[in-house]
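Observations on the model geometry
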Amino acid sequence: MATVLSVNLNKIALLRNSRGRNYPQVEHYARECLLAGAGGVTIHPRPDQRHATYQDVASLKAVVEEFPGKELNIEGNPVADFLEVVLKNKPDQCTLVPDQPDQLTSDHGWELTTQSKQVVPIVEQLKAAGIRVSLFMDPVIEQIELAKQVGADRIELYTEGYARAFQSGNYASVLEQYKQAADYATSIGLEVNAGHDLDLQNLAAFLTIPNIKEVSIGHALIVESIDQGFTNVIKQYLKIAQ
Ligand SMILES: CC(=O)[C@@H](O)[C@H](O)COP(=O)(O)O
Ligand SMILES: NCC(=O)COP(=O)(O)O
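Residue positions are counted from 1 within each chain, in the order its sequence is given. Chains carry letters from A onward and ligands carry numbers from 1 onward, assigned in written order. A pLDDT threshold of at least 70 governs which residues receive local features in this predicted model, and a stricter bar of 80 or more applies before side-chain atom pairs are shown or counted, although totals over entire chains, interfaces and linings include all residues. Excluded from the side-chain calculations are hydrogens and water; all other atoms, namely the structure's heavy atoms, are used.

Details of the overall build of the protein chain
Counting its secondary structure elements, the protein chain contains 11 helices and eight strands. To get the radius of gyration, use the C-alpha atoms; to get the globule rule, take the number of residues to the power 0.38 and multiply by 2.2 Å. The C-alpha atoms of the protein chain give 17 Å as radius of gyration, which agrees with the globular expectation for 242 residues (18 Å, within 12%). Projected onto the principal axes, the alpha-carbon positions of the protein chain cover approximately 45 × 40 × 35 Å. The cut-offs for exposure are 20% and 50% of the maximum accessible area for each residue type, with area from a 1.4 Å probe on protein chains only; residues under the lower value are buried, those over the upper are exposed, and the others partly exposed. By residue count, 52% of the 242 residues in the protein chain fall in the buried class. Methods summary: accessible areas were calculated by the Shrake-Rupley approach with a probe of 1.4 Å, and residue burial reflects only the protein chains presented. Total accessible area on the protein chain stands at roughly 10,600 Å², and carbon and sulfur atoms take up 51% of it. The numbering of helices and of strands both runs from the N terminus, where a helix is a DSSP run of H or I of at least 4 residues and a strand a run of E of at least 2.

Quick word on the pairing of strand E2 (residues 40-43)
Burial along E2 is two-sided: the face carrying Gly40 and Thr42 and the face carrying Val41 and Ile43 are both buried. A pair of strands is treated as paired once DSSP finds two or more bridges between them. By the bridge criterion, three bridges tie strand E1 (residues 4-8) to E2 in an arrangement that is parallel. Looking across to E2, one finds that Asn8 is bridged to Thr42. Sheet analysis places E2 next to strand E3 (residues 71-76), joined by four bridges and oriented parallel. Opposite Val41, over in E3, you have Leu72 as the bridge partner. Here, the term right-handed applies to a crossover whose path from the first strand over the helix to the second runs clockwise when the strands point away from the viewer. Between the parallel elements E2 and E3, the chain passes through helix H3 (residues 54-64) in a crossover that is right-handed.

Quick notes on the side chain of Thr42
In this structure, Thr42 sits in strand E2. When its relative accessible area of 0% is taken as the criterion, Thr42 is described as buried. Within the structure, Thr42 has its side chain in polar contact with the side chain of Ser6 (distance 2.6 Å). Ignoring sequence-local partners within four residues, the contact set of Thr42 consists of Ser6, Val7, Asn8, Leu9, Asn73, Glu75 and Ser216. Any pair of nitrogen or oxygen atoms within 3.5 Å is treated as a polar contact; in protein, a donor-acceptor pairing is required on top of that, and neighbouring residues in sequence qualify only through side-chain atoms on both sides. Note on definitions: a residue-residue contact is assigned when non-hydrogen atoms from the two residues lie within 4.5 Å.

Focus on the site of ligand 2
Neighbouring ligand 2 are the residues Asn8, Thr42, Glu75, Glu156, Gly195, His196, Asp197, Ser216, Ile217, Gly218 and His219. Within the contact set of ligand 2, a nitrogen atom lies 3.0 Å away from a side-chain nitrogen or oxygen of Ser216. Contact with the protein chains removes 93% of the 300 Å² of surface that ligand 2 exposes when unbound. In this classification, the charged set is Asp, Glu, Lys and Arg, the nonpolar set is Ala, Val, Leu, Ile, Met, Phe, Trp, Tyr, Cys and Pro, and all remaining amino acids, among them Gly, are polar. A class-by-class count of the residues in the shell around ligand 2 yields one nonpolar, seven polar and three charged. To be near a molecule or strand, a residue needs just one of its heavy atoms within 4 Å of it.

Details of the site of ligand 1
Around ligand 1 sit Asn8, Asn10, Lys11, His44, Arg46, His51, Glu75, Val97, Thr105, Ser106, Phe136 and His196, and those are all the residues in its vicinity. In the model, an oxygen atom of ligand 1 is placed 2.9 Å from a nitrogen or oxygen of the Lys11 side chain. The contact in question runs from an oxygen atom of ligand 1 to an N or O atom on the side chain of His196, over 2.5 Å. Relative to its unbound accessible surface of 360 Å², ligand 1 loses 90% to contact with the protein.

What to know about the nonpolar core
Counting residues in hydrophobic clusters, the biggest one holds 73 residues, and the most contacted among them are Leu96, Leu135 and Phe206. Those residues in contact with Leu96 that sit more than four places away from it in its chain are Gly76, Pro78, Phe82, Trp110, Ile122, Val123, Leu126, Val133, Ser134, Leu135 and Phe136. Among buried residues, the Ala, Val, Leu, Ile, Met, Phe, Trp, Tyr and Cys ones that are joined through side-chain atoms within 4.5 Å form a nonpolar core.

A few points about the packing of aromatic side chains
Ring pairs are drawn from Phe, Tyr and Trp, using the six-membered ring of Trp, whenever the two centres fall within 6.5 Å, and their geometry is named by plane angle: stacked under 30 degrees, edge-to-face over 60, tilted for the rest. A full pass over the atoms with the stated rule returns eight aromatic pairs. Judged by centre distance (5.1 Å) and plane angle (55°), the ring pair of Tyr162 and Phe206 falls under tilted. Pair noted here: Tyr162 is in helix H7 (residues 160-168) and Phe206 is in helix H9 (residues 203-206), with a separation of 44 residues, a long-range link. The pair formed by Tyr162 and Phe206 is uniform in burial state, with each residue classed as buried. Aromatic ring contacts, followed pair by pair, group Tyr162, Phe166, Tyr171, Tyr178 and Phe206 into a single cluster.

Section: the pattern of salt bridges
Every case where a carboxyl oxygen of Asp or Glu lies within 4 Å of a side-chain nitrogen of Lys or Arg is listed as a salt bridge. Counted according to the given criterion, the structure contains 13 salt bridges. Between Glu71 and Arg132 there is a salt bridge, and its shortest N-O distance comes to 2.6 Å. Here Glu71, found in strand E3, pairs with Arg132, found in strand E5 (residues 132-137); they are 61 residues apart in sequence, far enough to count as distant. A single network of salt bridges, built from pairs that share partners, joins Arg154, Glu191, Lys213 and Glu214.

Description of the UniProt feature "binding site: 1-deoxy-D-xylulose 5-phosphate" (unreviewed entry) in the protein chain
UniProt positions are given in the numbering used here, feature names are shortened, and annotations may be inferred rather than shown by experiment. UniProt tags Arg46, His51 and Thr105 as "binding site: 1-deoxy-D-xylulose 5-phosphate" (unreviewed entry). Across 60 residues, the annotated set stays spatially compact, with a maximum C-alpha separation of 11.5 Å. Along the chain, His51 turns up in the loop between E2 and H3. The exposure class assigned to His51 is buried, which follows from its relative accessible area of 5%. Those residues within four positions of His51 in sequence are excluded, and the remaining contacts are Asn10, Ala13, Leu14, Arg16, Asn17, His44, Arg46 and Asp56. Position of Thr105 among the secondary structure elements: in the loop between strand E4 (93-96) and helix H5 (112-128).

Have a look at this one:
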């Protein structure tokens, strides 16, 4: 089963915001990656809108709708403004991430042992709006079991731990931990996405884990595109994910 590539466009938005005018256009790169064969696009509008903005959600929804079967995934901490934009624009998927507003980047999954009461009503509200709900999770069986209990459709395995281990050259035991987490999630009826710090070097080994439904990749993909060209890099990812 091929794994869907969802291209995270945060860093295109970051470049755009650095000059205060609409260049580069996020919509252009969304169209380019979908034309190249990506299965969807992702953005993560943070409360300070340092890169992706709440307006980008509506713009990208319109672009994705030009490509039947392709998906829009909106990631973020479920603060009120975020939820309002998600419910208004109804992306195909919303990935809830437990970030603090001032975090440099996402660096942990949900601690549902203490946060499930906060999450349950939000999951219900999003699912009632017809939005698939994914929870950003560490590869911890106990937490993944709770993700099912709070009603999530999917989990997104937070893969920075794997990426760091891969970089060290000694990653077999860490990969096995992710495989066990993914296998367990699948066994209890959760579909499995993955993302954060995946790249052209480490993706193939990670995808030896069966049943990874979707990977969302942004930071490394944009850096690799500087050297090798955006469409060329997208096609390399698709070849690995097929
Ligand atoms: C949750 C996650 O790992 C990514 O979706 C996130 O979008 C990365 O955020 P930055 O692009 O702000 O680092
Ligand atoms: N959910 C992960 C994502 O969308 C992109 O993460 P990264 O590739 O920018 O680290």
